[in-house]
Amino acid sequence: PEKIKQGLAELDLLAEDWGGETIYVPVSALKGTNIDKLLESILLVAEVQDLKANYKTLAKGVVLESRLEKGRGPMASLLVDRGTLHHGDIVVSGTSWGKAKAMTNHLGETVKEVTPGMAVELLGFDAAPNGGEAFDVVKDEKAAQALVDHRIQIARDKKAMSSKATMENFFSKTAPVGDMKELRIVLKGDVFGSVEAVKDSLLKQATEKVKIKIVLAAAGGITESDVMLANASEAIIIGFNVRPETKARAVAEAEGIQIKSYNIIYELLDDVKNSMAGLLDKKKVENYLGRAEVRQTFSLPKAGTVAGCF
């Protein structure tokens with residue numbers, strides 16, 4: 001606890017017993033120590049600072065985490081900050097949106113509405129939103145689509161006409177920072193926790209001569225907007241346990257953006273390390289045996305979600 005206090009003190013969060021104003025409560029989830037004191041302290045701070053939330057408005061808050069769940073699709077854990085989130089509401093986060101089809105609380109119970117301060121797991125997004133990103137409830141699907149299209153257009157407007165970076169020609173394509181070179185990466189994974197782990201591992205690969213910059217790290221499949229971002233920032237796209245969408249692959253091929261997919265973190269790190277050392281083979285081609293486009297999905301009680309493909 002003392003080490004944690006010292007680290008947070010550097011961020012201007014000084015403990016009360018050190019002469020500061022921040023309340024610290026040492027707790028143990030395993031033993032249940034001081035949980036009651038923690039709750040009392042939260043209520044005390046809320047009362048002293050007169051912290052209140054508006055319940056009677058459209059909900060907004062933050063995405064805590066997101067993941068792709070087999071048979072169910074994108075799942076997102078949300079924390080409501082303002083307003084009340086109802087079953088059936090249209091929710092938008094970044095370029096992802098959807099209808100709140102099902103909501104479960106921390107006990108796994110189905111709920112119909114979520115008030116400020118409550119966390120909920122939501123099913124209904126068309127793609128996994130980014131962890132840490134804000135979400136908003138809008139009036140209808142038309143407003144949601146207009147907002148998403150606007151955000152995608154902003155990303156497209158930032159598109160730069162530049163040479164594309166690949167891991168094979170890293171040293172000839174990366175932008176120098178003084179005498180240092182920079183490898184830019186757009187990272188996507190199946191679960192936000194895995195994305196964070198891969199991101200931390202990649203950043204540790206940086207050396208005195210080569211810097212690694214993570215342009216985007218998010219959960220979900222590789223989408224067209226990811227390709228646009230990689231194009232604008234001269235980055236390569238790395239997927240961990242995810243594949244690019246058909247449209248995203250087509251755009252990437254047209255724009256010359258490199259997409260590399262991995263299932264094993266060690267192979268991913270080895271390729272990045274080798275590219276930094278200029279040791280990668282000139283070209284590595286992945287041959288596809290077939291591709292399918294999902295036309296319709298059907299939910300079966302025992303089998304889960306079945307996709308009709310072309």
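In what follows, the structure referred to is the one given above.
Residues numbered from 1 in each chain as written. Predicted model: local features only at pLDDT ≥ 70, side-chain atom pairs only at ≥ 80, totals over all residues. Heavy atoms only, no water.

J.: I'm lost on the overall build of the protein in this one. Help?
T.: The helix and strand tally for the protein stands at eight helices and 15 strands. Relative to its full complement of 310 residues, the protein shows a buried share of 35%. Within the protein, contacts between residues at least 6 apart in sequence are counted, and of these 62% link residues at least 24 apart. Entry remark: accessible area of the protein is about 18,800 Å², with carbon and sulfur atoms responsible for 54%. (Helix = DSSP H or I, 4+ residues; strand = E, 2+ residues; numbered from the N terminus. Buried < 20%, exposed > 50% of the residue type's maximum accessible area, 1.4 Å probe, protein only. Contact = heavy atoms within 4.5 Å. Areas by Shrake-Rupley, 256 points an atom, 1.4 Å probe, with all protein chains shown as cover.)

J.: Which parts of the structure should I look at to understand the layout of surface pockets?
T.: Empty space among the atoms becomes apparent when a probe as large as a water molecule is rolled across them. Reported here for the largest pocket is a volume of approximately 1,600 Å³. In terms of lining residues, the largest pocket is bounded by 38 residues, among which G73, P74, D126, V294 and T297 are the most central. Those elements giving two or more residues to the lining of the largest pocket turn out to be β1 (60–69), β2 (73–82), β5 (96–104), β7 (119–125), α7 (246–255), β14 (294–300) and β15 (304–309). Ranked by the residues each element gives to the lining of the largest pocket, the list is headed by β14, at six residues. In terms of residue class, the lining of the largest pocket is made up of 15 nonpolar, twelve polar and eleven charged. Approximately 760 Å³ is the volume found for the second largest pocket. (1 Å grid on protein atoms, 1.4 Å probe; cavity = no way out; pocket = protein on both sides within 12 Å on 5 of 7 lines; lining within 4 Å. Points joined across faces, edges and corners; volume = space filled by probe spheres on them. Nonpolar A, V, L, I, M, F, W, Y, C, P; charged D, E, K, R; others polar.)

J.: Which parts of the structure should I look at to understand the sheet that holds β1?
T.: Strand pairs in the sheet, formed through backbone hydrogen bonds, run parallel or antiparallel to each other. Reading around the barrel, the six strands line up as β1-β2-β7-β5-β4-β8 and close back on themselves, with antiparallel pairing between neighbours. Across the sheet, the axes of successive neighbouring strands diverge by a mean angle of 45°, strand direction being ignored. For β2 and β7, the ladder comprises five bridges, and the chain directions are antiparallel. In the sheet register, A76 faces β7, and the bridge partner there is L122. (Pairing = 2+ DSSP bridges. Axes fitted to C-alpha atoms, helices over the stretch in contact; angles between N-to-C directions.)

J.: It is not clear to me how α7 should be interpreted in this structure. Could you clarify?
T.: Every α-helical turn comprises 3.6 residues, leaving residues that sit three or four positions apart pointing alike. Those residues of α7 that sit buried are A248, R249, V251 and A252. Looking down the long axis of α7, one finds its buried residues gathered within 165° of arc, a one-sided arrangement. Exposed residues pointing more than 90 degrees away from the buried face of α7 are listed as T246, K247, E253 and A254. Tucked into the core, α7 has its buried residues touching α6 (224–233) and β13 (259–262). Just downstream of α7, G256 is the residue with a positive phi angle, here 75°. (Arc of directions from axis to C-beta.)

J.: Got a minute to help me understand the nonpolar core in this structure?
T.: For soluble globular proteins, the rule of thumb is that nonpolar side chains tend to be buried together. Judged by nonpolar contacts, the single largest core of 18 residues is most densely connected at I185, L187, L202, I238, L268 and V272. Going through the elements one at a time, β10 (180–189), α5 (192–203), β11 (210–219), β12 (236–240) and α8 (265–276) are the ones with two or more residues in this core. One finds V80, V91, F125 and V137 within the second-largest nonpolar core, a separate group that totals 16 residues. (Core = buried A, V, L, I, M, F, W, Y, C linked by side-chain atoms within 4.5 Å.)

J.: Explain the side chain of T115 to me, please; I cannot follow it from the model alone.
T.: Here T115 shows up in the loop between β6 (113–114) and β7. With near-sequence residues (within four places) excluded, T115 lies in contact with Y55, V80, G83 and T84.

J.: How should I be thinking about the packing of aromatic side chains in this particular structure?
T.: Centre-to-centre distance and the angle between the planes together describe a pair of aromatic rings. As enumerated under the stated definition, the model contains zero aromatic pairs in all. K5 extends its terminal NZ or CZ atom over the ring of Y24, reaching a point 5.9 Å from the ring centre. Note that R295 overlies the ring of F310, its terminal NZ or CZ placed 4.3 Å from the centroid. (Phe/Tyr/Trp six-rings, centres within 6.5 Å; stacked < 30°, edge-to-face > 60°. Lys NZ or Arg CZ within 6 Å of the ring centre and 35° of its normal.)

J.: When you look at the packing of α5 against α8 in this model, what are you seeing that I'm missing?
T.: For any two helices packed against each other, one specifies the crossing angle of their axes together with the interaxial distance. Between α5 and α8, whose axes approach to 10 Å, the crossing angle comes to 30°. The orientation of α5 relative to α8 falls into the category roughly parallel. As for the relative orientation of α5 and α8, their crossing is right-handed in sense. Where α5 abuts α8, its residues V198, S201 and L202 lie against I265, L268, L269 and V272. A class-by-class count of the residues in the contact of α5 with α8 yields six nonpolar, one polar and no charged. (Parallel < 35°, antiparallel > 145°, perpendicular 65-115°, else oblique. Left-handed = near helix turned anticlockwise from the far one by under 90°.)

J.: Just to check I follow, could you spell out the pattern of salt bridges for this structure?
T.: Under the definition given, this model contains ten salt bridges. For K52, the salt bridge goes to D50, with nearest N and O atoms at 3.7 Å. We classify K52 as exposed; its relative accessible area is 71%. Residue class for D50 comes out exposed when judged on its relative accessible area of 51%. A salt bridge links E121 to R67; the shortest N-O distance between them is 2.9 Å. In this pair, E121 sits in strand β7 while R67 sits in strand β1, placing the two residues 54 residues apart along the sequence. Members of the salt-bridge network, linked through shared partners, are R67, E69, R72 and E121. (Salt bridge = Lys/Arg side-chain N within 4 Å of Asp/Glu carboxyl O.)

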